Structure formats: structure tokens, C-alpha cells
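Residue strings, one per chain:
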Amino acid sequence: MNRTMLMIEAFSILMMFVISAGAEETIQTDLLIVGGTESGCAAAVQAARMGVKSITLVNDIDWLGGQFSAESLVAIDENRGPAGYGHGVPFPRSGIFGEVMRDIEALNVQKYGVPRPGNTRVITTCLPSDAERIFRELARPHLESGVLRIQSNYFPVEVLLAEAGNTEENNTVSGVRFQSTTSENQTITVRAQLTIDASEWGDVIRLSGAAYEFGPDLKARYNEPLAPTSRADYPLTDMNPITYCMVLKETDSDQTIAQPSGFDRRNFDKLPYPSDPSWIYESRRIVDRHHFPSVTTPDAVLLCFPAFDYPLDVYSQKVTDELEETEPGASKKNIVEMTRKQRQIVFNDAKQRSLGYLYYLQTILHEKASDPKLTFRKLKLADEFDTPDHLPPKPYVRESLRLKSMYQLRQQDTMGVGNDARNYASAMFHDAVACWQFEYDFHPTMRKFIDSDLAGPWHSIFRKNRTWGPPYSGRAQFSLRSLVPEKVDGLLGAQKNLGYSSIVSSAVRLHDQSIAVGQGCGAVAAVSLRHRTQPRTLPWNAKLLSEIWDGLLKTSSIPQTLWPFGDLEPTHKNFVAINQLAVRQLIPLAPNEVEFYAEQEATRDWQESVIERLRERKLDSVIHIPTEKQLTRGEFAEFIWDQVKASVDQSFKRMHLDDADGDNITDADDPVPFQPGRSTWSDWSPGPGADGLPDPMVLADKTIQRFNFCGKGQTAEGFSSDHGLPFNIDRGYGWTKSVEANSRVRSRFPEKFRDSFLFTRSHDTWELNLASGRYEVTVCVGDSGHEQFGQNLTIEGTPAMRNITTPSGQYHETTREVEVTDGRLTIEIGLPGASTNTCLNWLAVKALVN
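Residues numbered from 1 in each chain as written. Predicted model: local features only at pLDDT ≥ 70, side-chain atom pairs only at ≥ 80, totals over all residues. Heavy atoms only, no water.

Engineer: How would you summarise the nonpolar core if you had to cite specific residues and measurements?
Structural biologist: Leu31, Ile55, Phe68, Ile196, Phe478, Leu483 and Ile548 are the most contacted members of the largest nonpolar core, which has 115 residues in total. The biggest single contributor to this core is helix H12 (residues 511-530), with 10 residues. The contacts of Leu483, once residues within four sequence positions are left out, are Leu403, Val433, Phe478, Leu491, Leu492, Gly493, Leu498, Val517, Cys521 and Val524. (Core = buried A, V, L, I, M, F, W, Y, C linked by side-chain atoms within 4.5 Å. Buried < 20%, exposed > 50% of the residue type's maximum accessible area, 1.4 Å probe, protein only. Helix = DSSP H or I, 4+ residues; strand = E, 2+ residues; numbered from the N terminus. Contact = heavy atoms within 4.5 Å.)

Engineer: A description of the packing of aromatic side chains should follow, citing residues and the corresponding values.
Structural biologist: The relation between two aromatic rings is expressed through the spacing of the ring centres and the mutual angle of the planes. Scanning all chains against the criterion turns up 35 aromatic pairs. Centre to centre, the rings of Phe263 and Tyr359 are 4.9 Å apart; their planes meet at 80°, and the pair counts as edge-to-face. A residue pair is termed long-range when its members are at least 10 positions apart, and Phe263 in the loop between strand E10 (246-250) and helix H7 (277-283) and Tyr359 in helix H9 (residues 340-362) qualify at 96 residues. This pair shows no difference in class: Phe263 is buried, exactly as Tyr359 is. Considering the side-chain rings of Trp606 and Phe636, the 5.7 Å spacing of their centres and the 65° angle between planes classify their relative orientation as edge-to-face. Pair noted here: Trp606 is in helix H15 (residues 604-616) and Phe636 is in helix H16 (residues 633-644), with a separation of 30 residues, a long-range link. We note that Trp606, like Phe636, is buried. Here the aromatic cluster, defined as three or more aromatic residues joined through ring pairs, consists of Phe263, Phe268, Tyr273, Trp279, Phe305, Phe308, Tyr357, Tyr359, Tyr360, Phe462 and Trp468. Over the ring of Trp458 we find Arg447; its NZ or CZ atom is 4.1 Å from the centre of that ring. Taking NZ or CZ as reference, Arg754 lies 3.8 Å from the ring centre of Phe749, over its face. (Phe/Tyr/Trp six-rings, centres within 6.5 Å; stacked < 30°, edge-to-face > 60°. Lys NZ or Arg CZ within 6 Å of the ring centre and 35° of its normal.)

Engineer: Any details on the pairing of strand E15 (residues 432-436)? Residues and values, ideally.
Structural biologist: The buried count for E15 comes to five of five residues, which makes it a mostly enclosed element. When E15 meets strand E18 (residues 476-479), the two strands line up antiparallel, connected through four bridges. Bridged to Trp436 within E18 is Ala476. (Pairing = 2+ DSSP bridges.)

Engineer: Outline the side chain of Thr445, supporting the account with residue identities and numerical values.
Structural biologist: Note that Thr445 resides in the loop between E15 and strand E16 (446-449). According to the relative accessible area criterion, Thr445 is buried, its value standing at 0%. Reaching out from Thr445, the side chain makes a polar contact with the side chain of Asp238 at a distance of 2.8 Å. Not counting residues within four places of it along the chain, the set of residues in contact with Thr445 comprises Asp238, Met239, Asn240, Pro241, Pro311, Asp313, Ile461, Arg463 and Arg466. (Polar contact = N/O pair within 3.5 Å; in protein donor to acceptor, adjacent residues only side chain to side chain.)

Engineer: Which residues make up the side chain of Thr243, and what values go with them?
Structural biologist: Looking at the secondary structure, you find Thr243 in the loop between helix H6 (219-222) and E10. A distance of 2.8 Å separates polar atoms of two side chains, one belonging to Thr243 and the other to Arg398. The residues contacting Thr243, other than those within four sequence positions of it, are Cys304, Phe308, Asp309, Pro395, Tyr396 and Arg398.

Engineer: Before we move on, can you summarise the sheet that holds strand E30 (residues 824-830) with the specific residues and values?
Structural biologist: Reading across the sheet, the five strands line up as E22-E25-E30-E27-E28 and stay open at both edges, with antiparallel pairing between neighbours. Only two strands of the sheet have a single partner each, and these edge strands are strand E22 (733-735) and strand E28 (798-806). The average undirected angle you get between the axes of adjacent strands in this sheet is 15°. Bridge count between strand E25 (residues 763-769) and E30: seven bridges; the pairing is antiparallel. Looking at the pairing, Asn769 lines up with Arg824 of E30. (Axes fitted to C-alpha atoms, helices over the stretch in contact; angles between N-to-C directions.)

Engineer: Can you tell me about the sheet that holds E10, naming the residues and giving the values?
Structural biologist: With respect to topology, four strands assemble into an open sheet ordered E11-E12-E10-E13, the strand pairing being antiparallel. Both edges of this open sheet fall to strand E11 (285-287) and strand E13 (379-381), since each of them pairs with a single strand only. Direction aside, neighbouring strands of the sheet carry axes that sit 35° apart on average. Here E10 runs beside strand E12 (residues 300-303); their pairing, made up of four bridges, is antiparallel. Bridging from a neighbouring strand, Val247 pairs with Leu302 of E12.

Engineer: Can you explain helix H8 (residues 317-326)? Please cite residues and give values.
Structural biologist: Those residues of H8 that fall on the buried side of the exposure criterion are Val319, Thr320 and Leu323. The buried residues of H8 occupy an angular sector of 100° when projected down its axis, which confines them to one face. Of the exposed residues in H8, the ones pointing more than 90 degrees away from its buried face are Lys318 and Glu325. Where H8 is buried, its residues meet H9. (Arc of directions from axis to C-beta.)

Pasting the structure below:
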């Protein structure tokens, strides 16, 4: 054998040894993103657009797009509120989410002739493979330029900390070591200046040593209105459930699947959900050929239904035994702390739950279909994912670990001002990077074994106050501080690994929200890297915040919304200037002024109010008001922004080291650290007519009759108490029938007359003996504890209130002059045939002098 051959043979042996020994590749990069979720993709694209030169995205599967694709939630959820534009969307699509949806709908037009082929109660649907294609196309320019590198099929096993510069207070993440999903011996190490954890379960955060939380937050932690007070019924394993979604396609033959392992019809019998397969079929249809003549392909249906949600609080005996075999105590862990192998045991069982429900639809419920064309028997699991079981590579994950961050977002920060979800949120952040709105929305988190037998059938049920909404949040923002670990440097959270409470996590988990937060995170990373500073410094630096906002508003084809005006499209010519001013709170607003009206005339009074706000910030010296022509509000905002943008970002004034505004609320506990108190709107109140308080003159005038509607034994000073009893001639007032059972008291306000009420869900009548004549009648409806919709009230046959909504803790008062001709004042609450509550608090009657 010649020398060359010997060298080749030796090299071959060496290479075999290197491979068998698991030779490790090391990648150097500026920004490492872990997770190919929608949030991870948005972060990568935004960072690249803002000039980051080297980005590495490591994903544990091949698919990009998270909920849109790998989790198969292809009936795309969007921001929603109690009042909005089409499907309840409170403000227009924007940013990278707007781009993704534009491209998905364009692809739908190409394939089906319509942008929204599902004809369902969400706005847009698509196939998972099409969504993945859109995300890959989004990343393509940056892959081709070499800025972005994607490493698939690797998961994190170790987080590396910088050897120098660490203190007891702050460690610094310097990289992550990954293991191949296909070979235990194959690993890579990625060293980075900054890492974003956009994975489904927050494994980088967990491995880094950064503090995190999971499970329900008790009221003692953040004092949230919906939080439980005791751990007894709210274990730390309680999480928003996972669900294995299924995509099915229409065929012309029976496609009933084989009976899944462990199937028991009692798992699905007697559930409190519609049992008509046709209703379920239509509720999440992806493609509807029956409705759209242009659709020539078979129907496609997403099966994602609470009947097969998979709670994570406790497990069946089978799963418990399998988990315990891996590690004693594994079945008692919260899923975020499980190993990858342990989670897979849970996932495998969740798959059987989903398949069991499909089998149930195809067999037991088949004959109950109201429309024989819309049943599941001829639907086949689609070959979308190239998986052996035809299920998506990942479950739909609603809740992950929660990063313990610089500021932990709480429910009360996000609720609409005055408990009115139509308003802005209580805290509008000085460091906002995204906007959102949704209901506090838990799917059933509790597994209840029907016969108390862990080996037997079970149902998923709700725990008290952990249900789907309402209530809704207000029109809210997301704070930069809630992306940054409390102590660890070199690390940011994204996807659902964010600095918020469990309750807020239930409202910030939709497709558009995850993209918007990821995009904001990418902008934060870009500015941090550009200035070689840690992300935790950015919320306190006005100029660097300005760079983040510039990046979000200027580097994408569709700018990102930074202030949630309901009527302002990102295509509007003044959108950027309006958002630049609004996010700095330079536009004077009340919390219920949620429309900007960009095309309306900028009146002189409105212009002066803007100038006054600039004067408060000492910016008025650079302003002159044009007089040569009339401007719209949008044009005036553009005019003002052009003048102040060079000088607007002055340094924040800090009064104390850890309490910037000196209000005795430390920055770590203060949602608005540059404003006294905990709310942006501390000086605002709903005003007379909505506060439930009678005019002081009404209370002082002894000639006025006042009635409080309340439960038995309850009284309110200065009011006669009506307890819902039938009319009595001696008493002189009462109802045409007893409504005594329809009383509530909320114990929220000290004034009993606005804390209690009688209600009807249909139609009831109250009468009061009065001499014939003219009277002024003031009536108050509302509920101090809950939002109430569709309230109606009639006085002497004349409508006084119709379809009135009162937010929780707010009221609707009306005063009417009426003529009594029959010796009785007649008040009707509700309407015949109605099904919504009308809640009557109090009324006052004053005789008028003829």
C-alpha cells in the first residue's frame, strides 16, 4: 500500500473516530434565536432588517411558523375586543403579522380564488404547509444574504455563561449547546452576544438560571382580581392545556380511523359542548367548497375543540407510571420542568386523546349531524406534516414558563380603564414594543376522573376564574421590560416565555400577538447589539427607545402599531408620525378616545391641546403653528412630529435610584415608572352618569323618593329598600311578580345602593303608587362586579334605555320627565323575549310643579 493510500486510510479512520466521538461544531454569531416559532421568525427578520450582521436560528424541527404551521392552529386567531372592526378586531393588522397575513391571503386567492376560504368565525384560514411556506419566504432574503442561518433538528441541553463579568446579581448568557434530535452523539455550540428564547417551553431560560414562574399566581403575589387566594385547588401543575390539532380533508369514502388505544366513549359523553358534528365541522373549516364556487378542491377542516383539550395538572395512571419510570416524582412536575423525554410521554397520550375524539365523531356522533354533507366519517387525516400518524409535529401550546422579568405584567395593568374593555388599558407603557387585546382566556385546566379512578375515563373542566372570557383586557401595550430577565444578561424572552402573570398569559398568546412581541424583541436585540449594551439599559434611555420605535415603524413594508388606535390603518400616510407622537404620549387623550380620526379637521382647540402637552414636556419652543391652510388631524400630527423629532427624546429624569418617579413604588413593581401611581390615567374618572352615584342634590332633597334594589335584609342609608317582593298596596310599591331570588351584592363599593341590584333575564315590571301628575325619574343600571350587555329599561311605556352595555364597576343613568295618569309609576326592566341581564340599582322620583 503506497503512502497516499495509507494517508487516506488514516484520515478515514480519524474521521470515523471524530464522528463516533460526536465532534462538535461551534458557531459564532451576533444574535442567537432558539425556536422556529412565529415569534422567533419575526425576531430574526426584524433584527436582520435593522442591521444585525449575523443571526443564527436553531430549531428542534424543520418547520418554521409555530402556531401557524407546526402546531397546526390554522384558523388564525387575532386580537379581539368587545367592540371592534369586523370579527371584533380592535385595531388594524400591522407589522410583520400584517405582511404574513397579506401573503397568506394572496396565496389563498391563487389557490382558491378567495382570500379567506374557510367561511368560519375566525377571519383567515390556511393549510399548515402553506403557512410554513410563507414564513420560509419571509426569511429567504436574509438566508440568501448570509445574515441568517437556520440550524434545524437541534434542541438546547446547556446554556453557557460568560467566564468574566459575572456577578452574584447578574450572570451573562454567552451561548447555548445543542444536541441533535436524530443522534445523541451529535452536538453544536452557538456562541452569541445575545440570545432570544422563542421556544415553546422556555428551555433556554430554564437552563440559564434565570428566574421564572409557572402555574397559577395566587392573589398574594400580584393582587390580581381573578387570581385565586389558596393553592389548595390551584396546584402549580395547573396550566392552560395543550391540544393536538388535526387537519382533515374531504373524501368520497368512509375514512373512519381504527379505534385508538385506550378509547372510552365516556371521555366524551355528557360534555357541555355542542354534539352536532356539522356545527363542529363548520366552526373551524379551513377550505369551504360548498360556499365558494371558486373553490374546486375538497373541503379541509381544522379539528381543534375543547372536548379533547389535554390538561396538565394531573395524569392518568398509565402516564403517571411511564413518567415515574424515567425519574421518581416526574409525574408531579410542571411540564415546563420536565425533560424532553418526559414531555414526549405526555404528548403521546395527548395524541391519543385527539384521535379518540375524531373516532368518536366518526362513529358515535355520526348520526347526529344536522347536515349529512358535513360529517367527519368521510374526512381523512391530511398528509400535511410528513409524520407517521399524520398529526402535527407539535401540540398547540397555550402557556409556557413565565420569565421573571424587569417588570411582571399584571392583570390590573391590562384591564380597560374604569373596567371598560372598550378603553385603553390602565397602564400604557413608556417602553412599549407591541399592542394587543384579548379576553383572559383559559381552556379547561382541570382533569376530573369520572369515577375517581386514575385508570378510568376523565373530562377536562374549568377551575373557578380560570375560564374563557369575558372579561376582556383593554386596548393594551407590551412593555420592553417584560422581555428582559430580572437579573440574567445576554438573554431575552419571546413567544410565550414572557414576563407576565398566568392570567395575562391567557390573553397574550394569539398568532398576531406572538409575532408582534417577537418583532419587538428583534428590534430590542438590534439596538442592544448596535450599541453594545445590555437590553436592561434600554427602557431607561430615551434615545435608544427611539431607535427601537424607528426600527418598528420604518424597516418593514407594513409598520408596527405602537399605539392601538382603532381607526388608523398602517397604510395611512400619517401613520408613522401619529404613532411616534402617541407612543411618547404627546397626543392628549382620555382613556376612551380610542379613535384618532386622522382625516377630520384639526380644530384650533385640538391643536392647542397638543401644544399644551408639548409645553409640559418643554418642547413648545420649537413649534410654530401653520396658519396658511387648514390641516387634518393626521397632517397636523405629521407637521408637529417633523418639528419635534430632533429634540423630543430627552433624558428621562430619575428622582431615586430604584424609584424613578419618587412615588414610593419601586421601578421593579411600577408599571409606569415615570408617572406617579400605577396607572397612566390616575386622574381620570368615568364622570357623572357612569359612576353610579346620584347627584348630591338628589340625596339631599327630602321631597325625593329614593329606592335601592337589593337582597333581603340589605339596606342603604337614605333609600327605601326594595327586595323584589310583589306589589303591596300598603307598602305602595313592588313587582308584578316576585323577583326576590334575582338579587346580587358584590361588596366592592362602600355605597350599598350601587353595590347591589335586582335583575331580570327577560322582562319584569315594578310599580310605585303616585298621584297623577308630572315627575322627574332618574334610574341607574349596572353591576359593580361584571360587565353587562344588552340592558333595557322602559318608563311609563316609553323606552328610556335600549341595548345598554355597562362595564364592570360602571353604570348607566338616565333622567326622564314622565306623566303619571293612572296613579302608578311603571318601570319595566328587560324586554319580552330578551335573554340578557338588566341590573337595576336604584331610582329617584321627584314631583314637578305644574
